[in-house]
Amino acid sequence: MAPLIVIEGIDGSGKGTQAHQLTERLTATGRRVRLLSFPRYRETLFGHAIGDFLNGRFGQLNEVHPLLASVLYAADRFESMSVLTDALQKSDVVVCDRYVPSNLAHQGAKLDGAERSKLLQTIERIEFEVFALPRPSLVVLLDVPVEIAQRNIAAKQPRSYTEKTADLQEADAEYLQRVRDVYLQLAANDPNWQRVESVRAGQQRSIAEIGDDIFGQVLSTL
Ligand code: ADP
């Protein structure tokens, strides 16, 4: 089985960008590399259900208990098991843009204290024990302050400055901060995690510089 390298971070932290760059750099060393991205919105039945969930088909996002939401994301991976296993068997390295830690961080962010800890344990059990998904060899956390992540999101999406958008963005900032906090908590408690600082001296580091750090960490894992 190939090592499973997972790229994590809040929205706009650069996961997609770095997962692609890492795949290219590893491929250039002659390794067979497979890049996967979760959720698999279009490929799986549960991926479609996640799209429906995000569009409010099951109620407002805060009306759906995070445990129920977490099952959809875990089931999307379970449904993808053959793709994942095939990639792990036929490649030298598998890179994932989001994996189990996204479920932990995004659902965990909706609860606090003991309730959060219990949910994190339950999600881990669902994903790794009940669904028997492979555990990552390395999780790279792209750690970005929320303001910078939001600037990145704005740069990649068409802008719309309606009153409603401003309100949503503010609400998002609070949520993104909570997600970032759970990620940091997870990174601090697991030796398989490496935190990569995307900002130095108040400035976002370049894509190439961050990529160098990630590449170095991945090479030392392989
Ligand atoms: P994510 O997958 O985490 O949502 P993306 O990789 O899609 O993030 O990046 C969001 C946007 O930010 C993209 O337009 C990307 O080009 C840009 N970006 C990512 N990393 C950096 C960086 N270090 N410096 C400047 N822009 C970046």
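Residues numbered from 1 in each chain as written. Predicted model: local features only at pLDDT ≥ 70, side-chain atom pairs only at ≥ 80, totals over all residues. Heavy atoms only, no water.

## Some thoughts on the overall build of the protein chain
Basically, it comes down to this: For helices the rule is a DSSP run of H or I covering at least 4 residues; for strands it is a run of E covering at least 2, with both sets numbered from the N terminus onward. To get the radius of gyration, use the C-alpha atoms; to get the globule rule, take the number of residues to the power 0.38 and multiply by 2.2 Å. Each residue is placed in one exposure class: buried if its accessible area under a 1.4 Å probe, protein chains only, is under 20% of its type's maximum, exposed if it is over 50%, and partly exposed if it falls in between. Residue contacts follow a heavy-atom distance rule, with two residues in contact if any of their heavy atoms lie within 4.5 Å.
For the protein chain, the helix and strand inventory stands at nine helices and seven strands. Here the protein chain has a C-alpha radius of gyration of 17 Å; the compact-globule value for 222 residues is 17 Å, and the two agree. Dimensions of the protein chain, computed from the C-alpha atoms along their principal axes, are close to 50 × 45 × 35 Å. Out of the 222 residues belonging to the protein chain, those deemed buried represent 46%. Restricting to contacts in the protein chain with at least 6 residues of sequence separation, those with at least 24 account for 78%.

## Concerning the sheet that holds strand S4 (residues 138-143)
What counts here: By definition, two strands form a pair when at least two bridges between them are found by DSSP. To obtain each axis, a line is fitted to C-alpha atoms, and for helices this fit is confined to the stretch in contact; angles are then taken between N-to-C directions over 0 to 180 degrees.
Taking strand neighbours across the sheet as the criterion, the five strands line up as S2-S3-S1-S4-S5 in an open arrangement whose pairing is parallel. Edge positions in the sheet fall to strand S2 (33-37) and strand S5 (193-197), since each has one partner strand and no second. When strand polarity is set aside, the average angle formed by the axes of neighbouring strands in this sheet is 20°. Here S4 pairs with S5 via five bridges, running parallel. If you follow Leu142 over to S5, its bridge partner there is Val196. This element, helix H1 (residues 15-28), spans strand S1 (4-8), S2, strand S3 (93-97) and S4 of the sheet and lies at about 170° to S3.

## Quick word on H1
Spelled out, the test is: Helix span, as expected, comes to 1.5 Å for every residue beyond the first.
The end-to-end C-alpha separation of H1 is 20 Å, in line with the 20 Å expected for 14 residues at 1.5 Å each. Every buried residue belonging to H1 is among Lys15, Gln18, Ala19, Gln21, Leu22, Thr23 and Leu26, and all of these are buried. For H1, the elements touching its buried residues are S1, S2, S3, S4 and helix H9 (207-221).

## Some points on the environment of Gly12
If you trace the backbone, Gly12 turns up in the loop between S1 and H1. Sequence-distant contacts of Gly12, defined by excluding residues within four places in its chain, comprise Ala149, Asn152 and Ile153.

## Remarks on the site of the ligand
Definition in use: If even one non-hydrogen atom of a residue comes within 4 Å of a molecule or strand, that residue is called near it. By the criterion applied in these results, polar contacts are pairs of N or O atoms within 3.5 Å in which, for protein atoms, one can donate a hydrogen and the other can accept it, and in which residues neighboring in sequence qualify only through two side-chain atoms. Accessible surface is estimated by sampling points in the Shrake-Rupley manner with a 1.4 Å probe; for residues, cover comes only from the protein chains shown.
With respect to spatial proximity, 15 residues lie near the ligand, and among them Lys15, Gly16, Thr17, Lys156 and Arg205 are the closest. Here Gly14 contributes a backbone N or O atom positioned 3.0 Å from an oxygen atom of the ligand. The backbone of Gly16 places a nitrogen or oxygen atom 2.9 Å from an oxygen atom of the ligand. Look at the ligand: alone it shows 570 Å² of surface, and the protein chains cover 75% of it.

## Observations concerning the pattern of salt bridges
As a reminder of what qualifies: By salt bridge we mean one thing: a side-chain nitrogen of Lys or Arg within 4 Å of a carboxyl oxygen of Asp or Glu.
All told, the structure shown has 14 salt bridges when counted by the stated rule. One salt bridge in this structure joins Arg25 and Asp212, with 2.7 Å as the shortest N-O distance. With Arg25 in helix H1 and Asp212 in helix H9, this pair connects stretches of sequence that are 187 residues apart. On the accessibility criterion, Arg25 (28% relative accessible area) is partly exposed. Judged by its relative accessible area of 42%, Asp212 falls in the partly exposed class. For Glu127, the salt bridge goes to Arg77, with nearest N and O atoms at 2.8 Å. With Glu127 in helix H6 (residues 113-130) and Arg77 in helix H3 (residues 66-79), the pair connects residues that are 50 residues apart, well separated along the chain. With respect to burial, Glu127 and Arg77 carry one shared label: buried. Look at the salt bridges and you will find they share partners, linking Asp143, Arg180, Arg195 and Glu197 into a network.

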